Amino acid sequence: MLAIRLVAEPERLDTLVLPLRPAREGAGDDAPAAPVPTAVALPDGVADEAAALAPAARSTGRAGEIRTQFRPGRNPGVLVLLGIGDGEEGSWRRAGAALVRAVADETHVTIALPPDASPAAVRGIYEGLLLASYRFRLTDAGGVPALTGVDLLVTDPDRYGAVVETARTTARLTRWARDLTNTPSSVKNPEWFAGQVAAHAAGTPDLHLRVREPAELAAEGFGGILAVGGGSAHGPRLVELDWRPADARTHVVLVGKGITFDTGGISIKPVPAMKLMRKDMAGAAAVVAATVGAAALRLPVRVTALAPLAENMVSGSAFRPGDIIHHYGGLTSETTNSDAEGRLVLADALAYAVRELRPDVLVDLATLTGANAVALGKRTGALYSENDRLAGDVLAAVEAAGEAVWRMPLPADYVEYLGSDLADLYSAPNQGAGSVVAALYLREFTGELRDRWVHVDMSAPSWADGDDAELTRGATGWGVRSLLRWLDTLR
Ligand code: BES
Ligand code: MN
Ligand code: ZN
């Protein structure tokens, strides 16, 4: 991970980055964007040169715009003008992301922040730099990036201690969630995933891990997890990771769908739909990463992550369409389609949380349906809750974090689709509104927490087809940033 320092004195000025603000509104169309004053004195003539470069390079100052001037034989040798748009946190995040790509071939850069840089601005650029420089590598092919160090020049580095710690932890754990999600399923089976959680949780006081193996799942009645995991040579697991600080007044349970590969099972997926199904544990990755993050930041909230992990395979021991599943807590499902497996494992975990953990709030994240992208496109998760206040709080946290969700309805009229002649519930009614109906199904398992529950279908934003701002091609680590923001409001 890129080493970022906050310093009051420039140590090296090989590549110097100066922020650029758009012309003030109403200043006229040809008013040039202007470099912002810097916290620290620059070498003679550099400020004037930057002021002249901005109009000559037709800079607009919009967030993430880059203008580069090479100055061979002089110091700094490279001068970069970096657009910061409205100067809000999201614009700084975008600017940091664009910059880290633009200077990838330099070894070290120094960014001169304005003297009044807010903690939010520092958080934005810090996260942008760390998230956009992420690369997933199983091997060293492609070499190591040249850029290893970034200095942020500020007047008073001590002012930003807390925000730097938060930004660093948030980015580090988002990157971990990306790693987990990008990992091929030949490596990533339920046991492996649980082992990764153990490795990341080890040594943190008040952070406790319990991993249930198939025999324990059977003894306690986790029928959904066992059914979905039954077709795989790699047995299912239930990860329970508990951050339990002494000063907690609120208890949140975070449930994440952890299908380490989704073939669809006997209701097998066609080739194109199966291609990326190693990402079907992105919800589990987000909840365990957010919980490790809450512990690392010592947030005064009890957070329990539950990750039901299973590989949905096709084999002689796979569950079949039409089977009746006995979930934890006693409800039964008629399966109908083995590709609707996520809700079956989540049902067990939700019911367990409600009966045994009795939290104040229950949140689940799941790559649950292709219908999420049909309704909302590639960037936006679908949020469901009966609780307006809770939904509003989560929506605000998601937006502040730079992610996106749209609140969806839980229509009473559709509940009847869940009726089955053979079981309590029909798991996959084929009546349209796939993401909505899946949410209605999950709600049946929330018991007395029904109005303190939030479900996010994050199938779409869990993956990026290409690099874009702070996202990198592949797994996005979606949800880690949003969950940590929201947990931080519960203190
Ligand atoms: N893991 C998939 C959903 C998915 C699709 C996630 C595309 C990410 C991208 C899920 O298990 C699934 O197969 N859902 C079915 C449900 C249907 C059988 C009721 C779907 O969406 O088609
Ligand atoms: Mn499926
Ligand atoms: Zn799935």
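Quick caveat, the model's predicted, so the values are computed rather than measured.

Here is what the cut-offs are and how they apply
- Residues numbered from 1 in each chain as written.
- Chains lettered and ligands numbered in written order.
- Predicted model: local features only at pLDDT ≥ 70, side-chain atom pairs only at ≥ 80, totals over all residues.
- Heavy atoms only, no water.
- Donors = N, O, S within 2.8 Å, 3.2 Å for Na, K, Ca; no water.
- Tetrahedral: all angles 85-135°; square planar, octahedral: opposite > 155°, others 65-115°.
- Helix = DSSP H or I, 4+ residues; strand = E, 2+ residues; numbered from the N terminus.
- Buried < 20%, exposed > 50% of the residue type's maximum accessible area, 1.4 Å probe, protein only.
- Pairing = 2+ DSSP bridges.
- Salt bridge = Lys/Arg side-chain N within 4 Å of Asp/Glu carboxyl O.
- Near = heavy atom within 4 Å.
- Polar contact = N/O pair within 3.5 Å; in protein donor to acceptor, adjacent residues only side chain to side chain.
- Areas by Shrake-Rupley, 256 points an atom, 1.4 Å probe, with all protein chains shown as cover.

Trainee: Kindly report on the coordination of the manganese ion (ligand 2), identifying the contributing residues and their values.
Mentor: Surrounding the manganese ion (ligand 2) are the protein donor atoms Asp-262 (OD), Asp-339 (O), Asp-339 (OD) and Glu-341 (OE), at 2.0 to 2.2 Å. What the 6 donor atoms of the manganese ion (ligand 2) show is an angle range of 71 to 168° at the metal, which sorts the shape as irregular. Each donor residue of the manganese ion (ligand 2) lies on the same chain, and together they follow the pattern D-x76-D-x1-E. Between the manganese ion (ligand 2) and the zinc ion (ligand 3), a spacing of 3.1 Å is present, and a bridge between the two is formed by Asp-262. Of this pair, Asp-262 sits in strand 11 (residues 258-262) while Glu-341 sits in the loop between strand 14 (332-334) and helix 10 (342-357), and the two are 79 residues apart along the sequence. Judged on exposure class, the residue Asp-262 and its partner Glu-341 are both buried.

Trainee: How would you summarise the sheet that holds strand 14 if you had to cite specific residues and measurements?
Mentor: The 3 strands are arranged 13-14-18 in an open sheet whose pairing can be described as mixed. Of all the strands in the sheet, the pair left with one neighbour each is strand 13 (324-326) and strand 18 (425-426).

Trainee: How would you summarise the coordination of the zinc ion (ligand 3) if you had to cite specific residues and measurements?
Mentor: Protein-derived coordination of the zinc ion (ligand 3) comes from Lys-257 (NZ), Asp-262 (OD), Asp-280 (OD) and Glu-341 (OE), at a distance range of 2.0 to 2.5 Å. One can describe the donor arrangement at the zinc ion (ligand 3) as octahedral, given that its 6 donor atoms subtend angles of 79 to 172° at the metal. Read N to C, the donor residues that coordinate the zinc ion (ligand 3) are spaced as K-x4-D-x17-D-x60-E.

Trainee: Please give an account of the environment of Ala-382 that cites residues and values.
Mentor: Structurally, Ala-382 can be placed in strand 16 (residues 381-385). Sequence separation between Ala-382 and Leu-422 is 40 residues, and the spatial gap between their C-alpha atoms is 30 Å.

Trainee: How would you sum up the pattern of salt bridges? Please name residues and give values.
Mentor: If charged atoms from side chains of opposite charge come close, those side chains can pair. A full pass over the atoms with the stated rule returns 34 salt bridges. Of the charged contacts, one joins Glu-89 and Arg-93 as a salt bridge, the two residues approaching to 3.6 Å between their closest N and O atoms. Residue Glu-89 and its partner Arg-93 are both found in helix 2 (residues 89-102); the two are separated by 4 residues, about one turn of the helix. Taking the relative accessible area as the measure of exposure, Arg-93 reaches 5% and is therefore buried. For the salt bridge of Arg-485 with Glu-89, the shortest nitrogen-to-oxygen distance reads 2.4 Å.

Trainee: Tell me about the site of ligand 1, and please be specific about residues and values.
Mentor: For ligand 1, the set of nearby residues contains 17 residues, the closest of which are Lys-269, Asp-280, Asp-339, Glu-341 and Gly-370. In this structure, Lys-269 approaches ligand 1 through a side-chain N or O atom, which is 2.8 Å from an oxygen atom. Contacts to ligand 1 include Leu-368, whose backbone N or O atom sits 3.4 Å from a nitrogen atom. Its free accessible area being 520 Å², ligand 1 has 76% of it covered by the protein chains.

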